Structure formats: structure tokens, C-alpha cells
Amino acid sequence: MNVPMPLTMQVIAVLNREYIPRISDAELHERLEVRGAVLIEGPKWCGKTTTAERIARSVLYMQNPATRSQNIRLAEISPQTLLAGEAPRLIDEWQLAPQLWDAVRFEVDTRGSTGQFVLTGSAVPADLPEDSHTGTGRIGRMHMRTMSSLESGDSSGAVSLGSLFSGEPMPVAPSDKQLDDVAFLVCRGGGWPQSIGMTERQALRQARDYLDEVCESDISRVDGVERDAAAARAILRSYGRMVASQGKITQMLEDVRGMGFAMSESSLRNYIAALRKIFVLEDLSAWNPNLRSKTAIRSAPTRHFSDPSIAAAALRLGPADLVADLKTFGLAFESMCIRDLRVYSAALDGDVYHYRDRSGLEADAVVHLRDGKYALVEVKLGGETLIEEGAKSLTTLRDRVDAERTGEPAFLMVLTAVGEYSYPREDGVLVCPIGCLGV
């Protein structure tokens, strides 16, 4: 298996800004080698444009106030004009003119070469024509997430997920993260590149500002439907209360109504759909393995935000609040781990799922690679009692999976917030602080 080289965390000056290398850099290069165009989707402020600028040789900024109206008009009457420029040509926030999708697809066909365009978008366009070509074979898609702990410099990356899948032993690596440190990382989010290097007060402000913009503007602009900012805040607050759980829509509806909003279920679902279109919410799908016995597997998704800091901001919680409420802290930390695992697994051509069955047996994360290898992960704040609980759950699930049909897991891991070292237990379960994990 090809394991990506460790990420070098040096700072590179790009376009008069400091650029922190991203795990997505390699994926973008690889996709442009085999596709005429690549679409980078993901949350606002996660660094899509900056990453794309590093590889682009010409750029069209659709949101530029000086030319926005003109660009949208040109997309309607002469889209080829906007596509002219040295390749790869970056078209930033392309969804402002959905007609560009078919124009790019056609231009790729005409040129017959790979690496022609990079499109970035922080929203799924609402008015893409139904007869638009899917772009299959011409336009590749990649999802860019907020910064992982490795990318933000908050993990040493000494424990490589790729190496573990390749069968290499777990290294004994030190971690210096304390509970207060991890609480800050949850509230700051690894995720917003501009928060790196700021003071603690400034960094914590980023997620709150992001939440304000989502509720006051983005949730309505995504499809032109006017939505109430206060109602959006209430929904996000309810979602935050259910983070890392399988909370039902009916529970959320009751919660929102309890905050004083007379909302129908269809209206609630409409708000949630809009939040997904702007990549604020990113639920975790259920894993459905072959089991030895007939055990009903819960298929409901686990509720997650694209970054744990959004949950903290929605709940108006700071680092001290999390440390004072370890139950909420544990759930928010789990969401942070899911974000990191999603970033690392994407680099390994994999996905992340969760598992829970009728008996209550669960795995917070199942990292499943395209070649069929998989790993089971439980997330705990730390401490021998919780680690023992997580290890027991993992070994029980391992024994319940039909290994002849699904295969043996590549490894079992308890991923912790704190701990002095990463180490393998006598039962084979790996214990890894989040400050050691990398791609």
C-alpha cells in the first residue's frame, strides 16, 4: 500500500501570505493528473482557495465585488470568455454561475487534456439545470475539510494511520497535551487556517464569527430562500446538543420548539438541508458489516458538524466550560477525532463510518479503505477506566464480525484526548493520544 509521506509543517510564502501545507495538496495534484477539471468542495474558510491558488496559473474570482455582476452575466452569454487563461485555471466560488459547470465540461472535452481547471465552492448550487451533464470522467470531485490536528501543528503525527494499515507496529510516542489544551483545540477548531498563530482570544473568535455569518447570511444565500437567523441558531444549538449521537429529527424538533420557535418538521428539514449544502453539517453514516449472529444494526447517522468548534460556538461553550462538563467535552472531542480521521483516511483512499447495534455495542469510528481493509476506533477522553471500557467494546465487536466474509480488522484503537504516550496493550488494542496521530 502506498502511504503518503509525512506532512512537513514548514510555512511557505504564497501570494504574500503564509501557507501551511495541507494534506489535500497531494490529492489535488493526483486528481489533476487524471482529470480535465477538479472541483474542491468544503466549508467556507477552510482554505480551498488558498490551496487551489498554489497550483493555478490563472485565476477567476467570481466573488470579486468589482466584477461579480459582469462575470455572472458573461457566464450566461459567453462562458468561454471566463474560461480563457493559462491552465490550470482556478474558478473560485463557481456556484455563483452554475452555467459554468457545463461550459467547463465542454471545454475539457474540446481540449482533450488533463489538468485544465480547478473549481472551488463553499455551497452546492441550488439552480444547477436538471439537464446539466454530471461531469463524470471529466470533472473529479474532492472534499476539503477544516484543518486536522496534524496540519495545525497540534499533533506530531508520530503514529501514522497508513503505517498501521500496512501492518507496521505501533510506535511508543510521547504526547504533551493536557485536558485544558484539548478543550481549547475543540473550541478553536483545528480548522480555520487564519486562527493558527493568533492569541487564544482571537482564535476562539473565529468559530463564533463563522457561526454568525452562517446564520445571518449564508443559510439564506445558498438557495435564495429567506430564513430566520434566530431559528437557524436554535437549530444549530439543538444539533450541538446531539453531536456525536444518533439524535432523531423529532427530538430536535421538540428541542427547537422548546426554545420558542413554532416550526414544522418539513421546515426543520429544510433548514438542515440548507446547512448541509454549505457544508456546516456532516453526519457520519453507519457501517454495515457481516456479523456472526443476527444482530440488528442501527442505520441512523451520527450527528456531526464539519468542525467541532461550530458545535462549541453554537452551544456558547468555551474551554473552561468543557472541562467543567466532561460528558459534553467527551462528545465534542469525539467530533474532533472524527474530523481528523476523515482527513487522514481521505489521503489513504478511505472513508469513516460508525457502528452501533441493538445491544448498544458500538465503535465511534470505523475507518474503511477502498482495498477492503478496516480499523475499529473508540474515542475516550483518557484514563485507565475509560480506556479499558473502550478496549472491551472493540474486542467484543471484533469477535462479533464475521471475519470470513468481512475480514479481520487491521487494528483496534482507543483514541484519547490525553495520555503521556501511545502504546499497544497486551490484548493488542492500540492506545493513541490525538496529539500523536497522523496520516
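Whatever comes next refers back to the structure up there.
Residues numbered from 1 in each chain as written. Predicted model: local features only at pLDDT ≥ 70, side-chain atom pairs only at ≥ 80, totals over all residues. Heavy atoms only, no water.

## Some points on the sheet that holds strand β10 (residues 362-369)
Argument step 1. Strand order across the open sheet formed by six strands is β9-β10-β11-β12-β14-β13, with mixed pairing between neighbours. At either end of the open sheet lies a strand with only one pairing partner, and these are β9 (350-356) and β13 (423-424).
Argument step 2. Across six bridges, β9 lies against β10 in antiparallel orientation. From the neighbouring strand, valine 352 faces β10, where its bridge partner is valine 367.
Argument step 3. Sitting on the sheet, helix α14 (residues 326-347) is in contact with β9, β10, β11 (374-380) and β12 (411-416), with an inclination near 145 degrees to β9.
Argument step 4. Relative to β11, helix α15 (residues 384-400) is tilted by about 155 degrees, and along the sheet it contacts β9, β10, β11, β12, β13 and β14 (430-433). (Pairing = 2+ DSSP bridges. Helix = DSSP H or I, 4+ residues; strand = E, 2+ residues; numbered from the N terminus. Contact = heavy atoms within 4.5 Å. Axes fitted to C-alpha atoms, helices over the stretch in contact; angles between N-to-C directions.)

## Some thoughts on the sheet that holds strand β5 (residues 89-92)
Argument step 1. The strand order across the open sheet built from five strands is β4-β5-β6-β3-β7, with neighbouring strands paired in parallel fashion. Single-partner strands in this sheet number two, and they are β4 (58-61) and β7 (139-143). Within the sheet, the average angular offset between the axes of one strand and its neighbour, ignoring direction, is 20 degrees.
Argument step 2. Sheet topology places β5 next to strand β6 (residues 117-121); four bridges connect them, and they run parallel. The partner of aspartate 92 across the bridge, within β6, is threonine 120.
Argument step 3. Each of β3 (37-41), β6 and β7 is contacted by helix α1 (residues 24-34), which is oriented at about 170 degrees to β7, the strand it contacts most.
Argument step 4. In the packing of helix α5 (residues 99-111) onto the sheet, the strands contacted are β3, β5, β6 and β7, and the crossing angle to β6 comes to about 165 degrees.

## Looking at the nonpolar core
Argument step 1. Of all hydrophobic cores here, the largest spans 47 residues; its most connected members are Leu161, Phe333, Leu341, Met413, Leu415 and Leu437.
Argument step 2. When contributions to this core are tallied by element, the ones reaching two or more residues are α6 (161-165), α7 (179-188), α8 (200-221), α14, β10, β11, β12 and β14.
Argument step 3. Residue contributions to this core peak at nine residues, all from α14.
Argument step 4. If you look at the next biggest cluster of nonpolar residues, it comprises 35 residues, including Ile235, Val256, Met263 and Val280. (Core = buried A, V, L, I, M, F, W, Y, C linked by side-chain atoms within 4.5 Å. Buried < 20%, exposed > 50% of the residue type's maximum accessible area, 1.4 Å probe, protein only.)

## Things to note about the environment of arginine 208
Argument step 1. The residue arginine 208 is located in helix α8 in this model.
Argument step 2. Arginine 208 sits in the partly exposed class, given a relative accessible area of 36%.
Argument step 3. Between the C-alpha atom of arginine 208 and that of arginine 188, which follows or precedes it by 20 residues, the distance is 9.4 Å.
Argument step 4. A polar atom in the side chain of arginine 208 sits 3.4 Å from the backbone oxygen of leucine 204. (Polar contact = N/O pair within 3.5 Å; in protein donor to acceptor, adjacent residues only side chain to side chain.)

## Remarks on the packing of α8 against helix α9 (residues 229-241)
Argument step 1. Running from amino to carboxyl end, α8 crosses α9 at an angle of 130 degrees, the nearest separation of the two axes being 9 Å. With respect to α9, the element α8 is oriented oblique. In this structure, α8 crosses over α9, and the sense of that crossing is right-handed. Residue-level inspection shows Leu211, Asp212, Val214, Cys215, Glu216 and Ile219 of α8 in contact with α9, the latter providing Ala229, Ala232, Arg233 and Leu236. (Parallel < 35°, antiparallel > 145°, perpendicular 65-115°, else oblique. Left-handed = near helix turned anticlockwise from the far one by under 90°.)

## Remarks on unusual backbone geometry
Argument step 1. In this structure, proline 88 follows alanine 87 across a cis peptide bond, with omega equal to 0 degrees.
Argument step 2. With respect to the element layout, proline 88 can be found in the loop between α4 (79-83) and β5.
Argument step 3. Positive phi outside glycine occurs at tryptophan 45, with the angle close to 75 degrees.
Argument step 4. Along the polypeptide, tryptophan 45 turns up in the loop between β3 and α2 (48-53).
Argument step 5. By relative accessible area, which is 25% here, tryptophan 45 ends up partly exposed.

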